Amino acid sequence: MSHEPSSGGLGTLQPHNPGGLAGSAPSGMLGEREVVRNTGKQAIISFLGSQTCYSVLRASGKVVVFDTRIPIQLAFYALVEHDMQAAPLWDPKGCQFVGILTVTDFIDVLRYYRDTGADVLTLASRSIADIFADEVILNSVLKKNPPRHYADGESGTGADQHSAFMSVDADATLDKACRLLHDQTMDFLPVMLPSDMRVLATITYTCVLEHLVSNFREQRRLFDDTIYDLGIGTYGEDVVVAYPNQTLHEVLHTLHLHGLSAVPVIDETTKKIRGVYSRSDITFLTKASDAEDAVSNLNLTLEVLMAQQRTDVTTPDALHTCSTRHTLQSVFEYFAQWKFNRLICVDEEERVVGVVSARDLVAYFM
């Protein structure tokens, strides 16, 4: 396997194991392939049921907890400083955890101020509790929209982590944790130590996938089918895309509307992949001198913002591509090397045909 980053920070998963391509096996082997496929899937299902949440906790991991009385703007800068995407919220009056604050929450609040024309300077003094008690904000930019396949009837909207704290005990199985993430359409799941109600860490799909890959990376034959044949990912007309000439505000609204964390950016003429934009990208904030400037930057186009992005392929939100011909095994190996959040599936002309996220990969085994 090889990884060949371009000057734009694009990582490409090279074709792997053509013997696993759809239609390449003789008809007499199809029954055997189904047995092997089910064996591989059952092996991971059993593994998830035998492992506890302790197994995915990093020895050097750190947890940041916010008092709901502090200004939300200050909390956001603390998340950035500690290089974290989310933090549990503690209500000192009730002496309990009451929710989670994410980087995207603050970005969405900025969208609210842009849309309403409210004085963004007041944001510096508004506490987390104040923002999360604001029904107008909660029912607009912070309203939870499930991914499309959930909206089609697979599940409800799931847990609203702005008004409820959902967690899992450290000794619970990974299967339980994954089902909570999936069924409640959450991206972050706090892990608690039952004895003293302390948050030990926050589990994500990427954490779980990293643990799976480290334990099953060498079992090639069990995962020799292509991700497309296995139905892992989103393909065709269901793929939501963005264009370089769209404003950041437009793209963030699209991501929120579809319950997505990122979107492939394609050339409007050639339809070729240009990059990927993540909802948690804070480039537009780091370039701002103050809150007013940050709101103003929401009017910048993706073309401008992508030119300012980090191009380091080791960042989880960097652009990594594959084809529909890649096997689950090859994706496992690629993830072990680059720890991506998602793969963008492209055809021979580098046009987007699908998206495979860490959520999709873990959900396949549930």
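The following refers to the structure shown. None of the values given here were measured: they were computed from a predicted structure.

What counts as what
- Residues numbered from 1 in each chain as written.
- Predicted model: local features only at pLDDT ≥ 70, side-chain atom pairs only at ≥ 80, totals over all residues.
- Heavy atoms only, no water.
- Helix = DSSP H or I, 4+ residues; strand = E, 2+ residues; numbered from the N terminus.
- Buried < 20%, exposed > 50% of the residue type's maximum accessible area, 1.4 Å probe, protein only.
- Contact = heavy atoms within 4.5 Å.
- Areas by Shrake-Rupley, 256 points an atom, 1.4 Å probe, with all protein chains shown as cover.
- Salt bridge = Lys/Arg side-chain N within 4 Å of Asp/Glu carboxyl O.
- Polar contact = N/O pair within 3.5 Å; in protein donor to acceptor, adjacent residues only side chain to side chain.
- Pairing = 2+ DSSP bridges.
- Phe/Tyr/Trp six-rings, centres within 6.5 Å; stacked < 30°, edge-to-face > 60°.
- Axes fitted to C-alpha atoms, helices over the stretch in contact; angles between N-to-C directions.
- Right-handed = clockwise from strand over helix to strand, strands pointing away.
- Parallel < 35°, antiparallel > 145°, perpendicular 65-115°, else oblique.
- Left-handed = near helix turned anticlockwise from the far one by under 90°.

What follows covers the overall build of the protein chain. Within the protein chain, the regular secondary structure consists of 14 helices and 13 strands. For the protein chain, the proportion of its 366 residues judged to be buried stands at 49%. Counted over contacts in the protein chain with a minimum sequence separation of 6, partners at least 24 positions apart contribute 67%. Of the roughly 16600 Å² of accessible surface on the protein chain, a fraction of 50% belongs to carbon and sulfur atoms.

Right, let's talk about the pattern of salt bridges for a bit. Enumeration according to the criterion identifies 14 salt bridges in this entry. For D225, the salt bridge identified is with R37, shortest N-O distance 3.2 Å. A residue pair is termed long-range when its members are at least 10 positions apart, and D225 in the loop between α8 (205–216) and β8 (234–235) and R37 in helix α1 (residues 30–50) qualify at 188 residues. Both residues of the pair, D225 and R37, belong to the buried class. R111 is the salt-bridge partner of D108, the closest N and O atoms lying 3.1 Å from each other. With D108 and R111 both in helix α3 (residues 103–116) and three residues apart, the pair spans about one turn of that helix. By relative accessible area, which is 3% here, D108 ends up buried.

The next point concerns the side chain of H326. With respect to the element layout, H326 can be found in the loop between β11 (320–322) and α13 (328–338). A distance of 2.9 Å separates a polar atom in the side chain of H326 from the backbone nitrogen of S323.

The next thing to look at is the sheet that holds strand β7 (residues 198–203). With respect to topology, three strands assemble into an open sheet ordered β5-β6-β7, the strand pairing being mixed. Edge positions in the open sheet fall to β5 (168–169) and β7, since each of these has one partner strand only.

The tally for this structure, following the rule as stated, stands at 14 aromatic pairs. On the numbers, 4.4 Å between centres and 15° between planes, the contact of F76 with F106 is stacked. Pair noted here: F76 is in helix α2 (residues 72–81) and F106 is in helix α3, with a separation of 30 residues, a long-range link. Taking the relative accessible area as the measure of exposure, F76 reaches 3% and is therefore buried. Centre to centre, the rings of Y112 and Y113 are 5.6 Å apart; their planes meet at 90°, and the pair counts as edge-to-face.

Attention now moves to the sheet that holds strand β4 (residues 96–102). One open sheet holds the three strands; their spatial order is β2-β3-β4, and the pairing between them is mixed. The two strands at the open ends of the sheet, each matched to only one other strand, are β2 (66–67) and β4. Its contacts with the sheet put α2 on β2, β3 (86–91) and β4, and the angle it makes with β4 is roughly 70°.

Bringing the pairing of β3 into the picture now. Most of β3 is tucked away, with five of its six residues classed as buried. The pairing of β2 with β3 spans two bridges and is parallel. Along β3, the bridge assignment pairs F66 with L89. In the classification by handedness, the crossover that spans β2, the intervening α2 and the parallel β3 is right-handed. Where β3 lies against β4, six bridges are found, and the strand directions are antiparallel. Bridge assignment links D91 to a residue of β4, and that residue is Q96. Following β3, the chain reverses through four residues before pairing antiparallel with β4; C95 in that reversal takes a positive phi of roughly 55°.

Between α8 and α13, whose axes approach to 9 Å, the crossing angle comes to 110°. With respect to α13, the element α8 is oriented roughly perpendicular. At the point where α8 passes α13, the crossing takes the left-handed sense. Between α8 and α13, the contacting residues are T206, L209, E210, V213 and F216 on the first element and Q329, F332, F335 and A336 on the second.

Glancing now at the environment of N38. Mapped onto the fold, N38 is located in helix α1. You can call N38 partly exposed: its relative accessible area is 42%. Placed 184 residues apart in sequence, N38 and L222 show a C-alpha to C-alpha distance of 8.4 Å.

Let us look at unusual backbone geometry. The phi angle at T185 is positive, at roughly 45°, despite the residue not being glycine. One can find T185 in the loop between α7 (174–183) and β6 (189–193). Judged by relative accessible area, T185 falls into the buried class, the value being 7%. At K271, a position not held by glycine, the phi torsion is positive, near 70°. By secondary structure assignment, the location of K271 is in the loop between β9 (262–266) and β10 (273–278). When its relative accessible area of 36% is taken as the criterion, K271 is described as partly exposed.

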